[in-house]
Amino acid sequence: MAISEQDWKDEQQRVTEVTGKIKHKIAQLEADVGQIRGDVIDMRKDFWDEVTVNFSNPDDLGETSTNLRQQSQVLSDRERAHLQSSKLLKKYRKLVESPYFGRIDFKEHGSSETESIYLGTGSFLDEDMESFLVYDWRAPISSLYYDGAPGPAKYETPSGEVSGEMELKRQFIIHDGKIQVMFDTGVTIGDELLQQVLSHSADDRMKSIVATIQKEQNAVIRNDKTRMLIVQGAAGSGKTSAALQRVAYLLYKYRGSLRADQMLLFSPNPLFNSYVSSVLPELGEDNMQQTTFQAYLEHRLGKEFELEDVFTQTESLLNSEDTPEYRARIESITYKSSVAFLDTIRRYKEMLEKEGMMFKPIVFQGKVVVSADEMAAHFYSYDRAVKLAGRIDLMREWLLKRLADFAQAEKKEPWVEEQMQLLDIEDYQRAFQTMRRKQNKKDTTFNDHDVEKDVLARMVVSDRLKPVRRWIKRLRYVNVTGMYRRLFTDQALFRQAALDADSIPAHWEEICSLTLQALRDKRLLYEDATPFLYLKELLQGFRTNTAIRHVIVDEVQDYSAFQLEFLKRLFPRAKMTVLGDLNQAIYAHGEALGSLENLVGLYGAEDTEVISLTRSYRSTYEIVEFTRQMIPGGERIVPFNRPGEAPRVIQQADEKSLDEAVIRDLRELHEQGYNYVAVICKTAEESRQVHERLSATLQTRLVTKTTPSFEKGTLVVPAYLAKGVEFDAVIIYNGSADVYRRESERKLFYTACTRAMHVLHVYHIGEKSRFLPNP
Ligand SMILES: Nc1ncnc2c1ncn2[C@@H]1O[C@H](COP(=O)(O)OP(=O)(O)OP(=O)(O)O)[C@@H](O)[C@H]1O
C-alpha cells in the first residue's frame, strides 16, 4: 500500500518530536543519576559520622542499633534509586536510536476515537506521565500488532478481552531518528521488512526479533497458561529466537514476582550459550541463567568417575566401523536412554526397599567400625513404612553415633598417645578453648593431668575422624555404584526389574560387558551418567531446586526421556518450555524420545500445550528447498520467500584438489563480503586435520567442544558443534557417500546444511552422499 508524502512528513515529524522528548528525558536522568551517585558516595563516606555510636549501657546500645538500621535503610534506598534510574537511562539510550518499529490504529468497540499505538522495545510516556508515546512490545495491546490484520481485532488484558477494529498497521525502520523504511501491511507482519532483516549478514551474537515476530511465534512467546509448552519446529523456524523473546515477555508480564535469575536455559554447548547471551540485554532485561546438561551432570557426579561427555560419545560413534561392538554400543545408548530403562530403575528401587541394599563399610585406619553386612541388617530393621531415602537418613544418625562410640574407645589406643607427643602449641590452645567452653567459660587451666590428657586424646581422634564423619554425612556409605553394577551382573535381578522381557535389548550380554568394563576403569559412559544419577537420587533423596521458576530446554530432541524426567524432578516449582526438531536429533540417544509429543506425558495433557512452527526463516528459499529434501516429511517445511543462490554440490577428484577448491571458494566468499563462514566437517578429528591443512594458506579457526564463543572469519567446525548457530555461508567439506552413509548420520548432515543463511556449497569426493537431493 503506497504511503502518501504527507504521511511520510507527519511520521517523520512525530519521530523527531518523540526522539526530542527522549533526549530531554535522558538529559534529566543523567543529571539525576549523577546526583544520586554523588549522594551514595557521600553517604558511604560519611556513614559513621551520621550514626551516634554509644555502647555504654543497654539503652544506648539499642539506640545505636536503631540508628544504624535507619542509616543503612536510607543508603540502600538511594542505591536502589540509582540502580533504577541507571536502568531507565539504558532503556532510553536504546530507544532514542530507534524509538519504535510499528504502529497500529485501533478503535475499540463503543468508542468513537481511534487510538494510534506505536510499539518499541520499551515504553515511553509523555510529560503528562499518562499518554504512551511508545508502548512496550510486550504490553497487552501490542499483541494486536503481531496477531491481527487490519479489520476486526481483539486482544487479551488482565481484566478481559478487548475487541474493536484495527484500521491501520504500519512498519518502520528508524535509524538515528530518521525513518529509513516505512510501509503499511496486510495480513502478516510484512514480508518486505522480514526480507530486509533476514538478508543481513550473520553475527557472532543472536539478534532479537521484536520488530518482526510472526503470529505463530507470538503464540509461543505469550503462552503462559500451561505448565509445559512444547515447541516443535523446523530448522531455522525461530525456536530459539521465540524462546528468548518469551523470557523477556515473561519478565515483563510478571515483573515484581519473577526475576531473570529465576529462569534457567539448558543449551547444547558453551558456544551456543555465548551466542544467545546478548538477546536479553539487547531487550533491556538481565540475562537468565544458562547451563548445559553436561555441566549439571559433572556437578552432581563429582570426581568418583571420569565422566564421558556427549561429544566424546558422538565422536567415538562417528569414527567407528560397523563392528559388533559399535552395534552393542548403539543399542546400549538407546536402551539406557529409554522409558523402559527408566521404569526398570524405578522398579529396582522398589525391590531395594525390601532387600538387596548395598553399603560400604565404615573403616578407620584398617579397622572396620561398622561392616557392610551390619549396615544392611540395620537398614532393614527400620519400619518398612518409612521411605527408602528416609531410612538412609535415619541410618546416617545411627552411623554418626556409632562413630562417636568408636572414637571414645579409640582414645586409649597407643597411636593416640604417640600423636599427642607431636602436638604443637596451637593444638594445646585449641584444646584449652574446648575445655573452657565445656566448663562454661570458667577461667581455668590444665590443672588436672587426667582431664588434660582426655581432652587432648579426644581432639586427636576427632581430628582424624573428621573425613569419616564428612563421608557419612554425605551418605557415601550407600554403595550406589555397587547397586548400579549389579543390574549388569545379576541377570535374574535385572530381568525381575525389567519386567517387560520384550524391552530388553538383543545384545544385552555385550551391553553388560561394556558397561562393566567402563565401571572397572572408573569411567562413566555418557549413557550411564543419567540413569546412575537417577538411581543415586532415588536412593539418597532427590536434591531439588525450588528457586528456579521457569526452565527452558533448547534442542530438546537431544535429551533422553530420562534426562527430562530428571529436570522435572529437579525443578519442582518450575514451568517448562521445551523446543526442538526431531530432524536434528544428532546424538545416538535421540531416537529414544520418539516423537516430541511423547513429552506430553511428563506433566499430562491437561497441563501441556504443543505449538508447531513450520516456516523456516534462516536460509534462502533455495537452501530450504534443497535441505528439506534431505529428510522424510521435509515437504511440510515452508520456506520463507527470500531468493538467493542455489546450493552447489561440487565433486572433486581427491583430497588435494578438494582442499584447493575449498580455499578458492573461501577467498571468493570473503571477497563477496561474507563475514561468517563455516567449513563444516563430520567429526572433530576431521575438523582438526582440515584446519591444519587450510590454515597453512588461509586464516581459519578451529572450533572444539570447549570453544567458548565464535568470532568473525572462517571457522572449521564439527557438525555436532554447529548446533543452534548459523553462518552467512556454509561449506560442507566432505559430503561424500562414504562419509555420510549411515541412516543415523542423515540428521547430522541435515543439521550441518541448515546452518547456512545465504550460501551452501557441498563438496564431495567420488559419489555424493545419498542424503543429498539430486539437482
Ligand atoms: N520473526 C523473525 N524475524 C526476524 N528474524 C527471524 C524471525 N524468526 C526467525 N528469525 C531468524 O531466523 C534465524 C533462525 O532462528 P532461530 O535460530 O531462532 O531458529 P531455530 O528454530 O532455533 O533454528 P535451529 O533449530 O535450526 O537451530 C535467526 O537468524 C533468526 O534471527
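These figures come from a predicted structure and were not determined experimentally.

Right, let's get into the sheet that holds strand β23 (residues 713–718). Judged by pairing direction, the sheet is parallel, and its 6 strands sit side by side in the order β20-β25-β24-β21-β23-β22 without closing on themselves. Only two strands of the sheet have a single neighbouring strand rather than two, namely β20 (648–652) and β22 (700–702). Neighbour to neighbour, the strand axes of the sheet diverge by 25° on average, direction disregarded. Pairing geometry for strand β21 (residues 676–681) and strand β24 (residues 727–732), over 4 bridges, is parallel. Among the inter-strand pairings, V677 is bridged to a residue of β24, identified as A729. Along the sheet, helix α28 (residues 746–753) makes contact with β21, β24 and β25 (756–765), crossing β24 at roughly 140°.

The environment of the ligand is formed by 24 residues, the closest being T212, K239, S241, E726 and R755. Here an oxygen atom of the ligand and a backbone polar atom of G236 are 3.0 Å apart. In the model, an oxygen atom of the ligand is placed 2.6 Å from a nitrogen or oxygen of the S241 side chain. Look at the ligand: alone it shows 640 Å² of surface, and the protein chains cover 96% of it. Broken down by secondary-structure element, the contributors of at least two residues to the shell around the ligand are α5 (191–198) and α7 (239–253). The residue makeup of the shell around the ligand, split by class, is 9 nonpolar, 10 polar and 5 charged.

The next subject is the UniProt feature "binding site: ATP" (unreviewed entry) in the chain. As recorded in UniProt, the feature "binding site: ATP" (unreviewed entry) lies at G233, A234, A235, G236, S237, G238, K239 and T240. Relative to the helices and strands, G236 resides in the loop between β8 (228–233) and α7. A relative accessible area of 10% places G236 in the buried class. For G236, the residues in contact, after removing those within four places along its chain, are R615, S616, Y617 and R618. Turning to its location among the elements, K239 is positioned in helix α7. Taking the relative accessible area as the measure of exposure, K239 reaches 9% and is therefore buried.

A few words now on the side chain of E537. When you line up the elements, E537 lands in helix α22 (residues 526–540). A relative accessible area of 1% means that E537 is categorised as buried. Only 2.5 Å separates the side chain of E537 from the side chain of R300, close enough to count as a polar contact. Once you skip the residues sitting within four places of it in the chain, E537 turns out to touch Y296, R300, F542, R543 and F566.

Here the focus is the confidence of the model for the chain. Put simply, the chain has an average pLDDT of 88, and 93% of its residues get 70 or more. Interface confidence for the predicted complex, given as ipTM, is 0.99, next to a pTM of 0.85.

This brings us to the pattern of salt bridges. Evaluated as defined, the whole model comprises 47 salt bridges. As a salt-bridge pair, E413 and K367 come within 3.8 Å of each other at their nearest N and O atoms. One end of the pair, E413, is in the loop between α15 (388–410) and α16 (414–421); the other, K367, is in strand β13 (residues 367–370), with 46 residues separating them in the sequence. Here R569 ties to E565 by a salt bridge, and the two come within 3.6 Å at their closest N and O atoms. Of this pair, R569 and E565 both sit in helix α23 (residues 561–570), separated by 4 residues, roughly a single helical turn. Judged by relative accessible area, E565 falls into the buried class, the value being 11%. The structure contains a network of salt bridges with shared partners spanning D7, E11, R103, D105, R170 and D184.

A few words on the sheet that holds strand β10 (residues 289–291). Within the open sheet, the 6 strands sit side by side as β10-β9-β15-β16-β8-β17. Their pairing is parallel. Both outer strands of the open sheet, β10 and β17 (608–613), are each paired with one neighbouring strand and no more. Between one strand and the next, the sheet's axes are offset by a mean angle of 15°, whatever the strand orientation. One ladder, built from 3 bridges, connects strand β9 (residues 263–266) with β10; its direction is parallel. Paired with F266 across the two strands is T291, which belongs to β10.

Let us now look at a positive patch on the surface. A contiguous patch of positive charge, built from K466, R470, R474 and R476, is present on the exposed surface. Turning to its location among the elements, K466 is positioned in helix α18 (residues 449–473).

Tracing the chain through its elements places D105 in strand β1 (residues 102–108). Under the relative-accessibility criterion, D105 is labelled buried at 9%.

A large share of strand β7 (residues 178–184) lies buried, amounting to 5 of its 7 residues. Here strand β6 (residues 160–175) runs beside β7; their pairing, made up of 6 bridges, is antiparallel. Following the sheet pairing, H175 is matched in β7 by K178. What sits between β6 and β7 in their antiparallel hairpin is a turn of 2 residues, with D176 showing a positive phi close to 50°.

The relative placement of two packed helices comes down to the angle between their axes together with the axis-to-axis distance. Interhelical geometry of α22 versus α23 gives an angle of 35° and a closest axis separation of 10 Å. When the axes of α22 and α23 are compared, the crossing they make is left-handed. Contacts between α22 and α23 involve Y526, T530, P531, L533, Y534, E537 and L538 on the former and, on the latter, F562, Q563, E565, F566 and R569. Classifying every residue of the contact of α22 with α23 gives 7 nonpolar, 2 polar and 3 charged.

The next point concerns helix α27 (residues 684–694). Listing the buried residues of α27 in full gives E686, S687, V690, H691 and L694. Viewed along the axis of α27, the buried residues span an arc of 130°, placing them on a single side of the element.

Here we come to the nonpolar core. Grouped together as the largest cluster of nonpolar side chains are 190 residues, with contacts concentrated most on M357, I362, Y477 and I732. Contacts of I362, omitting those with residues within four sequence positions, involve K367, V368, V369, V370, M375, L399, L403, V468, W471, I472 and Y477. Residues V18, L89, L95 and Y100 belong to the second largest nonpolar core, which totals 20 residues.

Parameters and conventions
Per chain, residue numbering runs from 1 following the sequence as it is written. Reporting in this predicted model follows two pLDDT cut-offs: at least 70 for local features of residues, and 80 or more for side-chain atom pairs to be given and counted; totals over whole chains, interfaces and linings ignore these cut-offs and use all residues. To obtain the side-chain values, all non-hydrogen atoms of the structure were included, while hydrogens and water were left out. A pair of strands counts as paired when DSSP detects no fewer than two bridges linking them. Strands are runs of DSSP state E lasting at least two residues, helices are runs of H or I lasting at least four, and both sets are numbered from the N terminus onward. Working convention: axes come from line fits to C-alpha atoms, limited for helices to the stretch in contact. Angles between N-to-C directions cover 0 to 180 degrees. It only takes one pair of heavy atoms within 4.5 Å for two residues to be counted as in contact. Only a single heavy atom is needed: when it lies within 4 Å of a molecule or strand, its residue is near that molecule or strand. Here a polar contact is taken to be a pair of N or O atoms separated by no more than 3.5 Å, where protein atoms must pair a possible hydrogen donor with a possible acceptor and residues adjacent in sequence count only if both atoms sit in side chains. Here the open area of atoms and residues is found with the Shrake-Rupley method and a 1.4 Å probe, where only the protein chains shown may cover a residue. Residue polarity follows a fixed list, in which Ala, Val, Leu, Ile, Met, Phe, Trp, Tyr, Cys and Pro are nonpolar, Asp, Glu, Lys and Arg are charged, and the others, Gly among them, are polar. UniProt positions are given in the numbering used here, feature names are shortened, and annotations may be inferred rather than shown by experiment. Burial here depends on accessible area, computed with a 1.4 Å probe over protein chains only, as a share of the maximum for the residue type. Under 20% is buried, over 50% is exposed, and the range in between is partly exposed. You can read pLDDT as the predictor saying how much it trusts each residue, on a scale of 0 to 100. Salt bridge, as used here, is a side-chain nitrogen of Lys or Arg placed within 4 Å of a carboxyl oxygen of Asp or Glu. In this scheme, patches are assembled from residues that exceed 30% relative accessible area and form no salt bridge. Like charges are connected within 9 Å, while nonpolar side chains (Val, Leu, Ile, Met, Phe, Trp, Tyr) are connected within 5 Å. Charge assignment in this entry is limited to Lys and Arg as positive and Asp and Glu as negative, and neither His nor the chain termini are counted. Taken as the charge centre is NZ of Lys, CZ of Arg, CG of Asp or CD of Glu, depending on the residue. Each crossing gets its hand from how the near helix is turned against the far one by less than a right angle, where anticlockwise is left-handed and clockwise is right-handed. Of all possible arcs, the one meant is that of the directions from the helix axis to the C-beta atoms. Note on terminology: a nonpolar core comprises buried Ala, Val, Leu, Ile, Met, Phe, Trp, Tyr and Cys residues joined through side-chain atoms within 4.5 Å.

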